[in-house]
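Here is how the chains run, residue by residue.
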Amino acid sequence: MTVELIGTHQLFGGEQRKYRHFSEVLHSEMTFSLFLPQAKPEIPLSLVWWLSGLTCTDDNFSQKGAFQKYATENQLAFVIPDTSPRGSAIPDVDAWDLGQGASFYLNATQEPWKQNYQMYTYITEELTQIIFRLLPHLSGKESIMGHSMGGHGALMIGLKNPQRFTSISAFAPISNPSKTPWGKKAFSSYLGTDKKSWKSWDATELLAQSSVVPPIYITQGTADEFYGEQLVEHAFLSAAKTKQQQVTYQKAIGYDHSYFTIATFIEDHLKFHSKHLLH
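A brief report on the enclosed structure follows. Because the structure is a prediction, the values reported are computed rather than measured. (Residues numbered from 1 in each chain as written. Predicted model: local features only at pLDDT ≥ 70, side-chain atom pairs only at ≥ 80, totals over all residues. Heavy atoms only, no water.)

Along its length, the protein carries 8 helices and 9 strands. In terms of overall size, the protein behaves like a compact globule, its C-alpha atoms giving a radius of gyration of 17 Å where 279 residues would be expected to give roughly 19 Å. Counting only C-alpha atoms and orienting by the principal axes, one finds that the protein spans roughly 50 × 45 × 35 Å. The proportion of buried residues among the 279 residues of the protein is 56%. Long-range contacts, defined here as pairs at least 24 residues apart, represent 72% of the contacts in the protein between residues at least 6 apart. If you sum the accessible surface of the protein, you get close to 11600 Å²; carbon and sulfur atoms cover 50% of it. A gap of 7 Å separates the mean positions of the 23 positive and 26 negative side-chain charges of the protein. (Helix = DSSP H or I, 4+ residues; strand = E, 2+ residues; numbered from the N terminus. Rg over C-alpha atoms; globule rule 2.2 N^0.38 Å. Buried < 20%, exposed > 50% of the residue type's maximum accessible area, 1.4 Å probe, protein only. Contact = heavy atoms within 4.5 Å. Areas by Shrake-Rupley, 256 points an atom, 1.4 Å probe, with all protein chains shown as cover. Lys, Arg positive; Asp, Glu negative; His and termini not counted. Charge placed at Lys NZ, Arg CZ, Asp CG, Glu CD.)

Spelled out as structure tokens, the structure:
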């Protein structure tokens, strides 16, 4: 597989890179971004996955997330996938919350999506292999985090792979997509109308069924325009309480759904991940 470096920027002594490759899993040309901090031999280099939200690409977080300084201080490499396959040959609809830019990080089972929308396998297998070939000096420890739809993806992928991911965090996640309008729309399109099949992609359902759960940290702004309808935390936190699992839920008073909120609280999230990655 050819992986082409198409851009690089230096900041805080590290490098923000952008790559392009053809995905055999998605049958699509894909881009992803990768941040490499300046090496500190005394601290092992760990890997954090960032999953972005609806309508985003891999550029949004790399340009607006304000994470690179703290990633350098804590020796965290960041990989940022795109949010879906893309291109004129890829199925799409005239809606911002379904199709291109809105994969929900799952493996679709329905037409016309199932040939291309296999983002779960792409991230957990194909892109993982690429990253570990590019970065053979990684410590082997990984964490995962994301925002909104990407928060759903981080919770879902982390809970499906608890032995792999040391910790999980999310900003304004869709934590119970089976019960919210965005999730119902996406799941019925990608997975079909049998709601039993939705459970394996819903973080609240996964948490309720899990015997091993990594530490979880969530930040939700109270002025988020989607809070209360699309972003409802009660069922997820109830499942955590029932399972006696470690979930830290932070309500950020007056903060909204934007990258301003992410930039404000990203240092706290990276301290959280670093604590677990270094132990």
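Continuing now.
It is worth spelling out helix α3 (residues 119–134) at this point. Maximum bend of α3: about 40°, positioned at Leu127. Considered for burial, the residues of α3 that qualify are Met119, Tyr120, Thr121, Tyr122, Ile123, Thr124, Glu126, Leu127, Thr128, Ile130 and Ile131. Against the buried residues of α3 lie β1 (3–11), β2 (14–23), β3 (28–36), β4 (46–51), β5 (76–81) and α4 (149–160). (Bend = angle between axes of the 7 residues up to and from the residue.)

Next up on the list: a positive patch on the surface. Among the surface-exposed residues, Lys179, Lys184, Lys195, Lys196 and Lys199 lie close enough to one another that they form a single positively charged patch. With respect to the helices, strands and loops of the structure, Lys196 is situated in the loop between α5 (181–191) and α6 (203–209). Taking the relative accessible area as the measure of exposure, Lys196 reaches 68% and is therefore exposed. (Patch = residues over 30% accessible without salt bridge, like charges linked within 9 Å, V, L, I, M, F, W, Y side chains within 5 Å. Salt bridge = Lys/Arg side-chain N within 4 Å of Asp/Glu carboxyl O.)

The next point concerns unusual backbone geometry. Of note, the amide linkage connecting Glu111 to Pro112 takes the cis form, showing an omega dihedral of 0°. The residue Pro112 is located in the loop between β5 and α3 in this model. The phi dihedral of Ser148 is positive, around 60°, even though this residue is not glycine. Here Ser148 is to be found in the loop between β6 (142–147) and α4. By relative accessible area, Ser148 is classed as buried at 3%. The phi dihedral of Gln244 is positive, around 55°, even though this residue is not glycine. For Gln244, the location among the structural elements is in the loop between α7 (234–243) and β9 (247–252).

Inspection of every chain in the model, using the stated rule, returns 17 aromatic pairs. Aromatic side chains Phe35 and Phe67 sit 5.7 Å apart centroid to centroid with 85° between the ring planes, which places their arrangement in the edge-to-face category. One end of the pair, Phe35, is in strand β3; the other, Phe67, is in the loop between α1 (59–64) and α2 (68–74), and 32 residues separate them in sequence. Judged by its relative accessible area of 0%, Phe35 falls in the buried class. On the basis of an interplanar angle of 50° and a centroid distance of 6.2 Å, the ring pair of Trp50 and Phe171 is categorised as tilted. In this pair, Trp50 is assigned in strand β4 and Phe171 in strand β7 (residues 165–171), connecting sequence segments 121 residues apart. (Phe/Tyr/Trp six-rings, centres within 6.5 Å; stacked < 30°, edge-to-face > 60°.)

In this section: the pattern of salt bridges. In total, this model carries 11 salt bridges according to the counting rule given. Between Glu15 and Arg17 there is a salt bridge whose closest N-O contact spans 2.8 Å. Residue classification places Arg17 among the partly exposed residues on the basis of a relative accessible area of 23%. The salt bridge partner of Asp58 is Lys18, with a shortest N-O separation of 2.8 Å. With Asp58 in the loop between β4 and α1 and Lys18 in strand β2, the pair connects residues that are 40 residues apart, well separated along the chain. Look at the salt bridges and you will find they share partners, linking Lys18, Asp58 and Asp59 into a network.

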